[in-house]
Amino acid sequence: MGLVSTAAKFKALGLLCSIDLETDSDELLERLPRLAGMAKEQWNADELDPVLQFLVTHEVSKSDAMFELGQLALRNALEASTLEEIVRKLAHARDAFYGVERREEGRDDATLIRAALDIVLAFISSPTLPASASDSWEELHVALWRRTAFSTRARLGEWAAPRAQAEIEWYRLSASLQQVIAPLGKPSWIKPIDTLQSVLAAYQASRSLTVISPEGIRKVLEPTIEAAFIRREGLLGHLKDVLDAGELLPLEREAAEAILAATSSSAANGSDTPGKLWTVAPLLASELGLEFGSPEADGFIELAERAPTALALLNKKAEARARALSRETDPIVDDLISKVVAELASCEDFVRIETVREEFLDILTNLLRFAADRVDASRESWKDEIRYLFPPSDGKSFTEDFLQKDAYSWLSSSSLRPHTRMEERDIASGRADITIAQEHRFVVEVKRELKDSSRQSIASNYGGQAVAYSAAGPRLSIALILDLTDHTQGVPSLRESVWVDAVAIPNAAPRHVVTIVVRGNRQVPRHTKSG
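A brief look at the structure comes next. All values derive from a computational prediction rather than experimental measurement. (Residues numbered from 1 in each chain as written. Predicted model: local features only at pLDDT ≥ 70, side-chain atom pairs only at ≥ 80, totals over all residues. Heavy atoms only, no water.)

1. Examining helix 9 (residues 192–206)
Short version of the rule: Comment: elements are numbered from the N terminus, with helices defined as DSSP H or I runs of at least four residues and strands as E runs of at least two. By this rule the span expected of a helix is its residue count minus one, scaled by 1.5 Å. The buried label applies to any residue whose accessible area, calculated with a 1.4 Å probe on protein chains only, is under 20% of its type's maximum; exposed applies above 50%, and partly exposed to all values in between.
Taking 1.5 Å per residue, 15 residues should reach 21 Å; helix 9 reaches 21 Å between its end C-alpha atoms and fits that length. The set of residues buried in helix 9 consists of Ile193, Thr195, Leu196, Gln197, Ser198, Val199, Leu200, Ala201, Ala202, Tyr203, Gln204 and Ala205.

2. Section: the pairing of strand 5 (residues 441–449)
Under the convention used in this document: By convention, a crossover is right-handed whenever its connection, traced from the first strand over the helix to the second and viewed with the strands pointing away, goes clockwise.
By the criterion of burial, strand 5 is predominantly enclosed, with seven of the nine residues buried. In this view, the connection linking strand 5 to its parallel neighbour strand 6 (residues 476–483) by way of helix 21 (residues 455–468) has right-handed handedness.

3. Comments concerning helix 2 (residues 26–43)
Stated formally: What is called the bend at a residue is the angle between a pair of axes, fitted to the seven residues leading up to and ending at it and to the seven starting from it.
The end-to-end C-alpha distance of helix 2 is 25 Å, a good match for the 26 Å that 18 residues give at a rise of 1.5 Å each. The largest bend in helix 2 is about 35°, located at Leu32, with the proline Pro33 one to four residues further on. Buried residues of helix 2: Leu29, Leu32, Pro33, Ala36, Gly37, Met38, Ala39, Lys40, Glu41, Gln42 and Trp43, and no others. Taken from the residues just after helix 2, Asn44 is the one with a positive phi, measuring 50°.

4. Description of the pattern of salt bridges
Selection criterion: One speaks of a salt bridge when a side-chain nitrogen belonging to Lys or Arg is within 4 Å of a carboxyl oxygen belonging to Asp or Glu.
Taken as a whole and judged by the stated rule, the model has 22 salt bridges. The shortest N-O distance in the salt bridge between Glu59 and Arg103 comes to 2.5 Å. Here Glu59 is found in the loop between helix 3 (48–56) and helix 4 (62–78), whereas its partner Arg103 is found in helix 5 (residues 83–103), with 44 residues between them in sequence. Judged by its relative accessible area of 32%, Arg103 falls in the partly exposed class. Glu348 is the salt-bridge partner of Arg475, the closest N and O atoms lying 3.8 Å from each other. A residue pair is termed long-range when its members are at least 10 positions apart, and Arg475 in the loop between helix 21 and strand 6 and Glu348 in helix 17 (residues 348–352) qualify at 127 residues. The exposure class assigned to Arg475 is partly exposed, which follows from its relative accessible area of 24%. A cluster of three or more residues bridged by salt bridges with shared partners is formed by Arg94, Asp95, Glu101, Arg114, Asp118 and Glu139.

5. Here we look at the nonpolar core
The condition that has to hold: Think of a nonpolar core as a cluster: buried Ala, Val, Leu, Ile, Met, Phe, Trp, Tyr and Cys residues, connected wherever their side-chain atoms sit within 4.5 Å. Should any heavy atoms of two residues lie within 4.5 Å, those residues are considered in contact.
Counting 52 residues, the largest nonpolar core has Leu74, Leu78, Leu90, Ile113, Trp170, Leu196 and Ile230 as the members making the most contacts within it. Sequence-distant contacts of Leu78, defined by excluding residues within four places in its chain, comprise Leu196, Val199, Leu200, Tyr203, Ile225, Ala227 and Ile230. Among the nonpolar cores identified, the runner-up in size contains 44 residues, and Leu367, Ala371, Tyr388 and Val444 belong to it.

6. Some thoughts on the environment of Phe123
Residue position: Phe123 is located in helix 6 (residues 108–125). Owing to a relative accessible area of 3%, Phe123 belongs among the buried residues under this scheme. Distance in space between the C-alpha atoms of Phe123 and Pro192 is 6.8 Å, their sequence separation being 69 residues.

7. Let's talk about the packing of aromatic side chains
The description of two aromatic rings rests on the distance between their centres and on the angle between their planes. Which entries qualify depends on this criterion: Ring geometry is summarised as follows: Phe, Tyr and Trp rings, the Trp one being its six-membered ring, pair when their centres sit within 6.5 Å, and such pairs are stacked at plane angles under 30 degrees, edge-to-face over 60 and tilted between the two. As a reminder, the over-ring test applies to NZ of lysine and CZ of arginine, requiring each to be within 6 Å of the ring centre and within 35 degrees of the ring normal.
For the structure on display, the rule yields five aromatic pairs. Between Phe398 and Phe402, the aromatic rings sit 5.0 Å apart at their centres with planes inclined by 75°, giving edge-to-face as the arrangement. By relative accessible area, which is 28% here, Phe402 ends up partly exposed. Taken together, Phe350, Phe360 and Phe442 form an aromatic cluster joined through their ring pairs. Above the plane of the ring of Phe67 lies Arg107, whose end atom (NZ or CZ) is 5.1 Å from the centre.

Following this line, the structure appears as structure tokens:
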């Protein structure tokens, strides 16, 4: 109640801070560390720090209190303002989780974080990892799969709904760390800041919980953690990747280079650059941590005046990246992930091959976030990028190319960027719309439908082609369908737009396709008719 009511918060905080070893039962004391840890995450109340320190002294609550203090140490590390400070505080957090493991066997929650931090710390200190990193990765992997097996068998409450998302974030970190470890002795293309962003995402997901508001709405509460340094450096790294990929026009490239040069410079002469940059590129300025009146390089002044269009484009890329990383649609996405995972229970490759499950869930999560975002997006917010979702002004139907490019851009703004290709040839004797290739290769087939967007029709028309691309890999594919049928009376819900089909193959095991329908030709609510 304290998490959804301001008035109840103070009563809950008072109860948590009034524990008594002599009068309170062991059963209550055993549960208090987790409750105090969740409350600390949501309220950031300093009064709870001594509560956890106090619970460490009691045998019944000691292990869980140590774990919660380790989580707070990890949070403090992610909030640090320099890489050196992050490394020092991560080492402190890692040691805290070691303490939990030494005290209590079978603490997979502590093991997976400790093992991940072992590898992250080794990777940050050197681009080539020692052989012992493989042992830490194996510990992480085993702990993660044991936790997943338990949560699959156990029936968890609604408050634990974000746990499915937490497992996926840990899968993502596990997969990226495996790629770092594999070429031992060789410098890795993965940057330490990318790995820290994965740790941040896993931390946020694992510390989130679902509550029911007084209005009866289910919503996810995330820990409020700024992690400004990690977010800023992650955006700058993304800009560097865009530059290296050669995707920008000359003026846009110049603008990106100037931003990178300015943000790496300590020059300060009191210019009015932040104000100008906030006007032209607000989200870019926010992600870079610029404040009104703060000193920056003179190059921004010239860019804001001479190349506002280029800065605006880079701002759009920053916005796309922020939306791709956002978890604000958790209740919807978590629900859809659970639905798809349940429907894939008969897919042997997904169930039995751990790396297939890891990589496919990563891709699926990103595309479900994309679909959820586009359901809410309005024409005014995105202008040209999403005009294909609304009735065309010239009366000509949009092609599936618009959805293909939009989805590719979204994936390119996520951690899957290095692995994503568009229009790749020689895939199952054809040309795949979007491919994501890590240890396994998965294909996203993009189509449009003008007449019949029913599940039966889509499965009949496009299921066969979608699974044809999985002939040389895991028997799993994704079909992304642009529905341009008549929607004057409304569109199906997102939950009704995602499903799994098993496609029969002669003389072979069936292959599975996850279909995600993106509804286009949408009317604004005031123009939607009834009956």
